[in-house]
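Breakdown of the fold
The chain contents come next:
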Amino acid sequence: MRITDKMALDAARVGQSRAVQQFTDASRVASSGLRVNAPSDDPVAWSMKVRHDAQIQRMNNRSHTLNRAGGDLDLAESVLASAGDLLEEARSLAVQAANGSVDAQTRANMAGQITSLRDALLGFANTRGATGYLFGGTATATAPFTAAGVFTGNDTAVPVEVADGVTARSNASGATAFTVAGGRDILADLQAFATALTGNNLGGIQTAIANMEAGHRQLVTAQVNTGIGAERLHSSVDVTAAALISVSSARASETEADATEAFTALSVTRAGYERAIAVTRELLQVSSVRR
Amino acid sequence: MSSLFSLLGVARDGMQAQSSGVSVTGQNIANVNTPGYVRRGVLLSARPFGRDSNGGVSVNGISRTFSRFAHGRVVEEHGRRGAASARASALSATEAAIAPSSGTISDRVNSFFQSLDTLSGAPSDTSARLAVLQRAGALAQQVSTTASDLAAQRDGLFDQARGVAGEVNERLARIATLNRSIAEATSLGDAGADLRDQRDQLVQEVGDRLGARAVEDASGQVTLFSAGTVLVEGGNASSVSVTLDPANNLRLQVQQPGGATTDATAAMNQGTLGGLREARDVDVPSVQAALDRFAFDLSTAVNTAHASGFGLDGVTGRNLFSAPAVAVGAARAMALNPALAGQPDRVGAAGAATDLPGGNTVALQLAGLSSRALAGGTTPPAERFGAVASDLGVRLQAANAEEQLRDETVQQAETLRESASGVSLDEEMVNLSKFQRAFEASTRVLRVADELLDTLMKSF
């Protein structure tokens, strides 16, 4: 074939153009650390990246929500434990007051203590968490118990997603912990106990012993249930975190460049580019025109 | 027998012939980088030695070493490469609109569902509700802006196609003019090499833009075929125009010199115009339709769930996004429901009025849409959009591969043509020396003849 100067130089130009393109691509991968920067780089990997990004986002969201709800359940569990302690203290006072040697004045003084315990319990029942009042069900904006001890909340469960399509209760049940829905209306029982003490009503005091014990069991049961719920949420956080690591790893392997490969490619393409420049220079130097 | 005087004529012819050779060589060297230039050669022939001739040399003309076959292949391959390049370039712009380096629609989708997740954990929290409205608005705006960008890109491609049509027309007119000039030159016995160079270069440029095939007749004129019709015949040129048909697709019309107009749209598949048409009327609409479907299905799913929820004001039945009636145009029209703008209490998170303000079942349902397949598809929202971008990526990848392939075939075709018709400086330098030496030798002949005559005259 007859070879002209233009053919030789065009071939060198095309080779140089390809070499610089490859060098630029390798530079981009090495500097960004990403193998896939646009859908056309690798459509399948791009699609997987979008899927993984969505999964990672969902898992992060879930962890955040579960942590928040778990924190409220931890707080509710702690509050119920303290409430149980109050009931235990009230039961002790009831046992003391039921002793026949205790006079009316002492019982009247004890009534003041019981009233204080009741007020403290009311405060516990109206505790606020990160998402509002802990024991009001979905009525989270207002205190679920009035000063008179009337429950104005509800027992509606607030669900939270622990896995795709699987939910768990994220709020403690104030109704079953403090009201007759759980067996005893604890605030009313304490009120009745205080009234019995003030009235030096021995029969009422003896009834209060049983009521305080039942109320204590009720609170302990609620505490255990709340703790189990909190534990479930915390476990879900752990499971989600493990899944998050797995998905993040898969995402990285799909879209991120292997550093060794990237820098090897950079070196190889740079050498190719330099070779192409050298060839062009040689072609320009070799000419019969200068002879 | 020749005389000494005739030897002077031989020397003269030799000098003239070698001068012509040097001149043609100089022309070749001067045009070594001229696009479309075909190397020339001087045609020499020996004068017969006889009674009426001195046996010298005569210049019979200038040859043009043109390969019609090789040139035809170049034009054909340029047409294919023009289409591939235009399509790849257009799709690159589409990809930039659909999948910018940061802040893609899938990112907005994820961000939107993150706000719903947060709302499900804190349904009475005003800031969580405001975040839902803000992220929903941002998502809708991103989808709408992307749809507008795609529509603007189609408008831009139409403008580009009209510009290319103008370039084609300008070249068609020049080819017709050159055809006439070549015919005149041919009739006068001139090969019209320079005119042919220009015309053949223009044919290649038309090929670049629309695809072309040229057939030359005995008079040297070419008939140019393109887009399934005749664009130039002799000294007459048609004109092409690009308009939009009722379906908003490109339409190529060819107006013949007589005034008749033909529709050549179906054959517009080569050259820049062919690539623009493929990108504008096939690729981009496919992306637009997928984006519309995505916007419609997402809006509908979100609205259906949201409308079942109760706002903090106890009202239900509200849409979160402006409800699209049909999928066509849904992406561009996507927007936050104006009734909810700046009204966080109207976000429906609770499943019943009695669950207010802490009820979250609808918020949970909305957040759960992020992992459930949208109606009309099999994948969740972000992945659904990912599939749109991925499909575009496949198209662009194929277009880039096609462009690379066509670059190579053009290179091969040009190599073939260049091998036949190109100027080799090495050859020209040898030719230059060859003609120079021959010229010097002819002057020597002249000197010898002169000396012989001088000797002869002094002998008397």
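Residues numbered from 1 in each chain as written. Chains lettered and ligands numbered in written order. Predicted model: local features only at pLDDT ≥ 70, side-chain atom pairs only at ≥ 80, totals over all residues.

A few points about the overall build of chain A
Selection criterion: The numbering of helices and of strands both runs from the N terminus, where a helix is a DSSP run of H or I of at least 4 residues and a strand a run of E of at least 2. Radius of gyration here is computed from C-alpha atoms only, and the compact-globule reference equals 2.2 Å multiplied by the residue count raised to the power 0.38. Put plainly, a residue is buried at 20 or more neighbouring C-beta atoms within 10 Å of its own, exposed at 12 or fewer, and partly exposed in between, counting only other residues' C-beta atoms, which are placed from the backbone. Residues are scored as being in contact if the C-beta atoms we place from backbone atoms lie within 7 Å.
Counting its regular elements, chain A contains seven helices and four strands. Along chain A, helices and strands appear, N-terminal first, in the series α-α-α-β-β-β-β-α-α-α-α. Relative to the compact-globule value of 19 Å for 291 residues, chain A shows a C-alpha radius of gyration of 37 Å, a clear excess of over 25%. With the principal axes as the frame, chain A shows a C-alpha extent of 135 × 30 × 25 Å. In chain A, which comprises 291 residues, the share counted as buried stands at 41%. Considering only contacts within chain A whose residues lie at least 6 apart along the sequence, 72% involve residues at least 24 apart.

Observations concerning the domain arrangement of chain B
Rule in force here: An automatic or database domain assignment provides the domain bounds reported here.
If you check the domain split of chain B, you get domain 1 (4-65 + 423-458) and domain 2 (103-151 + 282-391). The C-alpha-based centres of domain 1 of chain B and domain 2 of chain B are spaced at 86 Å.

A few points about the nonpolar core
Worth spelling out the cut-off: To count as a nonpolar core, a set of buried Ala, Val, Leu, Ile, Met, Phe, Trp, Tyr and Cys residues must be joined through C-beta atoms within 7 Å.
Within the largest apolar cluster, 105 residues are counted, with the highest numbers of intra-cluster contacts made by A136, I175, V203, L224, A295 and V388 of chain B. Here this core gets 20 residues from one element, more than from any other, and that element is helix α4 (residues 126-187) of chain B. When residues no more than four places from it in sequence are discounted, the contact partners of V388 of chain B are I98, V287, A290, L291 and F294 of chain B. Counting 45 residues, the second largest nonpolar core, distinct from the first, contains A76, V79, A90 and V162 of chain A.

Describing the sheet that holds strand β6 (residues 236-237) of chain B
Residues and elements named next belong to chain B. Let me state the cut-off plainly: Two strands pair if DSSP finds at least two bridges between them. Helix axes are fitted only over the stretch in contact, all axes being lines through C-alpha atoms; the angle between N-to-C directions runs from 0 to 180 degrees.
Spatially, β3-β4-β5-β6 is the arrangement adopted by the four strands of the open sheet, whose pairing is antiparallel. Here the strands that pair on one side only, and so sit at the sheet edges, are β3 (213-216) and β6. As judged from the two bridges shared by strand β5 (residues 229-233) and β6, these two strands associate in the antiparallel manner. Within β6, the position partnered with E233 by the bridge is N236. Where helix α5 (residues 193-210) meets the sheet, it contacts β3 and β4 (222-226), and its direction lies at approximately 10° from that of β4.

Description of unusual backbone geometry
All names here are of chain B. That bond from L356 to P357 is cis: its omega, 0°, falls within 30 degrees of zero. The residue N248 is not glycine, and still its phi comes out positive at about 70°. Inspection of the secondary structure assignment puts N248 in the loop between β7 (239-244) and β8 (250-255). Judged by the 13 C-beta atoms lying within 10 Å of it, N248 is partly exposed.

Comments concerning the packing of helix α6 (residues 271-307) of chain B against helix α9 (residues 381-421) of chain B
Residue and element names in this part refer to chain B. Our working rule: When an angle is under 35 degrees it counts as roughly parallel; over 145 it counts as roughly antiparallel; between 65 and 115 it counts as roughly perpendicular; any other value is oblique. Each residue gets one label: Ala, Val, Leu, Ile, Met, Phe, Trp, Tyr, Cys and Pro are nonpolar, Asp, Glu, Lys and Arg are charged, and the others, such as Gly, are polar.
As a packed pair, α6 and α9 sit with axes 10 Å apart at the nearest point and diverge in direction by 180°. Relative to α9, the element α6 lies roughly antiparallel. Facing α6, whose interface residues are D283, V287, A290, L291, F294 and L298, α9 presents P381, R384, F385, V388, D391, L392 and R395. Tallied by class, residues from the contact of α6 with α9 come to nine nonpolar, no polar and four charged.

Here we look at the sheet that holds β8 of chain B
All names here are of chain B. The strand order across the open sheet formed by three strands is β7-β8-β9, and the pairing between neighbours is antiparallel. The open sheet has two edge strands, β7 and β9 (261-263), and neither has a second partner. Here the average twist between neighbouring strands, direction ignored, is 30°. Note that β7 and β8 share six bridges and pair antiparallel. Of the residues in β8, the one forming a bridge with V240 is V254. Its contacts with the sheet put α4 on β7 and β8, and the angle it makes with β7 is roughly 170°.

Notes on the confidence of the model for chain B
All names here are of chain B. For clarity, the threshold we go by: Each residue carries a pLDDT score, the predictor's confidence in it, ranging from 0 to 100.
Taken residue by residue, chain B gives an average pLDDT of 94. The fraction at 70 or more is 99%. Ranking the elements of chain B by mean pLDDT puts strand β2 (residues 57-64) last with 91 and α6 first with 97. Confidence estimates for the predicted assembly give a pTM of 0.87 and an ipTM of 0.86.

A short note on the interface of chain B and chain A
With 48 residues of chain B at the contact, the number on the chain A side is 41 residues. For the side of chain B that touches chain A, the secondary structure elements donating two or more residues are α3 (105-121), α8 (361-368), α9 and α10 (425-458) of chain B. Tallying contributions element by element places α9 of chain B first for the side of chain B that touches chain A, with 17 residues. In terms of residue class, the side of chain B that touches chain A is built from 18 nonpolar, 24 polar and six charged.

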